[in-house]
Amino acid sequence: MVPLNWYLMLSAAVFSIGVFGFLTRRNIIIMFMSVELMLNAVNISLVAFSHYLQDLRGQVLVFFIVTVAAAEAAIGLAIIIALFRNKATAHVDDMNEMKG
Amino acid sequence: MNYYLLIPFLPLAAFLINILFGKSLLKENAHWVAILAVAGSWVISVATLIDVTGGKTLNQDLYTWVSSGGFKASVGFLIDPLTAVMLIVVTTCSTLIHIYSTGYMHGDNGYYRFFSYLSLFTFCMLMLVMANNFLQLYFGWEGVGLCSYFLIGYYFNKKSASDAGKKAFIVNRFGDFGFGIGIFMIFLTFGNIYYEPVFSQAGAFATKTVNFLGYDVHLMTLIALLLFCGSIGKSAQMPLHVWLPDAMEGPTPVSALIHAATMVTAGVFLVARCSPIFSLSETALMVVALTGAITSLFAATIGLVQNDLKRIIAYSTVSQLGYMFLACGVGAYTAGVFHLYTHAFFKALLFLCAGSVMHAMSGELDIQKMGGLKKHMPVTYATMLIASFSIAGVPGLAGFFSKDEILWLAYSGPSPVGKFVWLIGTFVAFLTAFYSFRLIFLTFHGTFRGTHEQEHHLHESPKSMTIPLMLLCIGAIASGWVGIPPLLHGGAHFTEFMKPVLGHPEGHGTHAEEWMVMAISVAVGLSGIGLAWFMYVKRRDIPVKLAEQFSGFHKILFNKYYVDELYSLIIVRPTIWIAKNVLIGVTDARIIEAIVNGVPAAIGGFSRQLRKVQTGFLHHYAIIMAAGALIIMGLMLMRSW
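Thresholds, definitions, all that
Residues numbered from 1 in each chain as written. Chains lettered and ligands numbered in written order. Predicted model: local features only at pLDDT ≥ 70, side-chain atom pairs only at ≥ 80, totals over all residues. Heavy atoms only, no water. Helix = DSSP H or I, 4+ residues; strand = E, 2+ residues; numbered from the N terminus. Buried < 20%, exposed > 50% of the residue type's maximum accessible area, 1.4 Å probe, protein only. Axes fitted to C-alpha atoms, helices over the stretch in contact; angles between N-to-C directions. Parallel < 35°, antiparallel > 145°, perpendicular 65-115°, else oblique. Left-handed = near helix turned anticlockwise from the far one by under 90°. Contact = heavy atoms within 4.5 Å. Nonpolar A, V, L, I, M, F, W, Y, C, P; charged D, E, K, R; others polar. Polar contact = N/O pair within 3.5 Å; in protein donor to acceptor, adjacent residues only side chain to side chain.

The next point concerns unusual backbone geometry. Residues and elements named next belong to chain B. With an omega of 0°, the peptide bond between Met 238 and Pro 239 qualifies as cis. When you line up the elements, Pro 239 lands in the loop between helix H8 (219-234) and helix H9 (243-246). Its identity as a non-glycine residue notwithstanding, Lys 560 has a phi of 55°, on the positive side. For Lys 560, the location among the structural elements is in the loop between helix H24 (551-558) and helix H25 (563-611). In the Ramachandran plot, Tyr 561 falls in the positive-phi region, its phi being about 60° despite a non-glycine side chain. Assignment of secondary structure puts Tyr 561 in the loop between H24 and H25. Under the relative-accessibility criterion, Tyr 561 is labelled partly exposed at 28%.

A word on the packing of helix H14 (residues 309-329) of chain B against helix H17 (residues 398-412) of chain B. Relative placement of two packed helices is described by the angle separating their axes and the distance separating the axes. Residue and element names in this part refer to chain B. The contact between H14 and H17 brings their axes to 9 Å, and the two run at 40°. It follows that H14 is oblique to H17 by the angle criterion. Along this stretch, H14 crosses H17, giving a crossing that reads as left-handed. Between H14 and H17, the contacting residues are Gln 320, Tyr 323, Leu 326 and Ala 327 on the first element and Lys 403, Ile 406, Leu 407 and Ala 410 on the second. Split into classes, the residues belonging to the contact of H14 with H17 amount to 6 nonpolar, 1 polar and 1 charged.

So, about the side chain of Asp 176 of chain B. Residue and element names in this part refer to chain B. Summarising the element assignment, Asp 176 is placed in helix H6 (residues 159-190). There is a polar contact of 2.9 Å between the side chain of Asp 176 and the side chain of Arg 173. Each residue touching Asp 176, except ones within four places of it in the same chain, is listed here: Tyr 138, Trp 141, Glu 142 and Gly 230.

Structure below.
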């Protein structure tokens, strides 16, 4: 039986990779993937706790997150494609028109 | 009893009708509403006078106006002999002057406006005299002041007229400030502002003193003098007399009604109404008597040399108002009110005659450019002559009886300054007779000195103007007959009638002294007329020579003792200087504008800096978010330790 700690450590590792990727990379697709990594890291810990506490509510929440992530991915990718068509680049430093 | 209440409310209704519908519907018929209303008030006033003569009085609250804690004021009416006489004076003069105005103001653009203001004035004046408490008195007092302002500035596109209106209003503020504080003092002292409890309890405070600016001041003196401040302003006494001559910029019927017969006598009415308070303070009475005496002398001397027809009569009004205060100051309130009542008729008549002359002269007011109008306007001449005889104190006419009573009571009364003010009063009687007849002789006698065109235009005024003149003339002759002294086998009915309100003036002297006082006042009156005749009919060269010989004195009198210039120097110009340099220059520009403009500028500056945080770079936002999350996590960890 895999102890809870291992799952949490895996979750933390995946989350940290996501944060690191989001902060350091400039390619918008990679940043988008990093966000997905962070979401799924949370999903791992939710499922682990759900199993550990024998409480199904955690898994219900995971389904919501997966649903939202799917929607977000669809819309996010659509936006990125639209951006790419206009700017011919996927580099976020070239997308800084929205400022005060 | 309730039909008395219609007296003030008829003119109010007329005002509302005229101001709302005058411009669009009534137009040239606006006078009908106003005249019907005021004539109705007159009829009820006469009925009221008859009731009051029969011994009836009324003190009734109609409507609670203010009720707050211990303070209560209401719209309430007090009908007693003093009110009844004032009602007759106000409504009679008002009715006749309304009728006169239909002729005088004919064809004026603001016809309906003029009549609505006259109605409003009549309403306020009636509220003033019928009040049974000080707050309503104050309401009427300010109301008539407002109407005075409206009507002086009636020809508002004429700068001098609108300036005169402002001057009247502002000068009156000085007096009303004291009057207002006087009413506060009454409330603080008595806990009440109704006449009846205040006057009945006044005796209990006769010796009380209060601390005022570090001095112990006799309370009743303080209250009386504060109330008298209001009188000084409203009745144009020294040193606040400057507004009344300028008020002659208004239409002549207004001068007759407001600035001669009714409103300006409100100050005398106030002193008479508050006689229970004034009587408790010898100092206050002395101040009243001396103010009156000095003002009457001062105004009469100015009147000697003026050339403006209406201003001479205005100074005469100031002088006669001084006479009334002189009477009140020596304790002869009945004589003061008696003079108020007779004066209203002959002074209104003088003004209306002046208006009639102006009408004929196409607005010319300089008496040096008139002369010989006698044959062109016989009715005006005859009525003005009678009014002048009346004011000069020719025996048998109204002015004689009231003036004689004042002089006799000043001479014989208990007042410490009585003899002194009698002396001044007698001298003023001489001056009054002189300048009144200087006016008559220069205007109506001799040869015409105006332009040829003006002479061609001379005509008697229409019936609507001459009939009120004739009616007022009856008042100028006969109104004094109700107060013929016992010495002349009269009943002194007026004094008896007033006795319950104003008390009986004390006069101690022999019949011989009384004859002497009367003889002197008649003699000075007649010699004044005689001297005027000699100087302005017989020897036309004397006035010119006198003016040359005493050119300095003549100049001082002609320039009204430079009082206006003095006020301009010490009050008006410093005030304007402060307004420009301190209020506009510092307070407004530096303080108020600094706050008003500074606050938005600071917000704008801050937001300009804050805008820079929004860079548009996604990773800046990401780092800030991560840092924020880290800080929150750090704080939570520290908390859990």
